[in-house]
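Structural overview
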Amino acid sequence: MKHMCAAMLSLQAIILVLLIPVLISIAEVEPAVGVAIGGGLAVACIFTAAMLRYDWAYFLGHAIQVATIATGFLVPVMFFIGLMFLALWLGAFFLGRKIAADKARWAAAEQ
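Residues numbered from 1 in each chain as written. Predicted model: local features only at pLDDT ≥ 70, side-chain atom pairs only at ≥ 80, totals over all residues. Heavy atoms only, no water.

A few points about the side chain of Gln65
Note on placement: Gln65 falls in helix 3 (residues 56-70). When its relative accessible area of 1% is taken as the criterion, Gln65 is described as buried. Discounting chain neighbours no more than four positions away, the residues touching Gln65 are Met8, Leu9, Gln12, Phe85, Leu86 and Trp89. (Helix = DSSP H or I, 4+ residues; strand = E, 2+ residues; numbered from the N terminus. Buried < 20%, exposed > 50% of the residue type's maximum accessible area, 1.4 Å probe, protein only. Contact = heavy atoms within 4.5 Å.)

This is how it looks when you write it as structure tokens:
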């Protein structure tokens with residue numbers, strides 16, 4: 001589960017960095033605000049991906065998805081992109097949990 005969620009967050013970080021020039025040029029936000037929003041969320045993604053060995057990091061991952069969707073108020077297409085990343089996050093989260101549970105069950109059956 002950790003690897004799937006970390007991969008998804010890493011890809012999301014790239015998109016959020018690419019959001020910075022869009023915020024500045026299209027949404028016409030101040031450059032410092034654009035860097036704070038896009039860069040801050042990207043750094044949060046990388047930090048969370050690194051911390052996924054702890055249970056609390058998954059809650060932070062959920063919050064990042066909500067914040068990514070909220071950027072749609074500045075750039076409307078981010079509503080769609082945020083929902084796409086939410087679907088990928090939830091897919092990685094729940095499918096990863098199922099795979100981890102299956103692995104644990106198989107390991108217990110071997111012993």
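Some words on the side chain of Thr71
When you line up the elements, Thr71 lands in the loop between helix 3 and helix 4 (77-110). Polar side-chain contacts of Thr71 include one of 2.5 Å to the backbone oxygen of Thr68. Setting aside anything within four residues of it in sequence, one finds Thr71 in contact with Leu19, Ile37, Leu41 and Met78. (Polar contact = N/O pair within 3.5 Å; in protein donor to acceptor, adjacent residues only side chain to side chain.)

Remarks on the state of the cysteines
Applying the stated rule across the entire model yields 0 disulfides. Of all cysteine sulfurs in the structure, the one in Cys45 sits closest to Cys5, which takes part in no disulfide; the separation is 12 Å. Under the relative-accessibility criterion, Cys5 is labelled buried at 0%. (Disulfide = S-S within 2.5 Å.)

As for the pattern of salt bridges
Opposite charge on two side chains permits pairing when their charged atoms draw close. Inspection of the entire model under this criterion finds 2 salt bridges. The partner of Asp102 in a salt bridge is Lys98, with the nearest N and O atoms 3.3 Å apart. Here Asp102 pairs with Lys98, and both are found in helix 4, just 4 residues apart, close to one helical turn. Given a relative accessible area of 16%, Asp102 falls into the buried group. Connected through shared salt-bridge partners, Lys98, Asp102 and Arg105 make up one network. (Salt bridge = Lys/Arg side-chain N within 4 Å of Asp/Glu carboxyl O.)

Distances and angles like these do not, on their own, reveal function.
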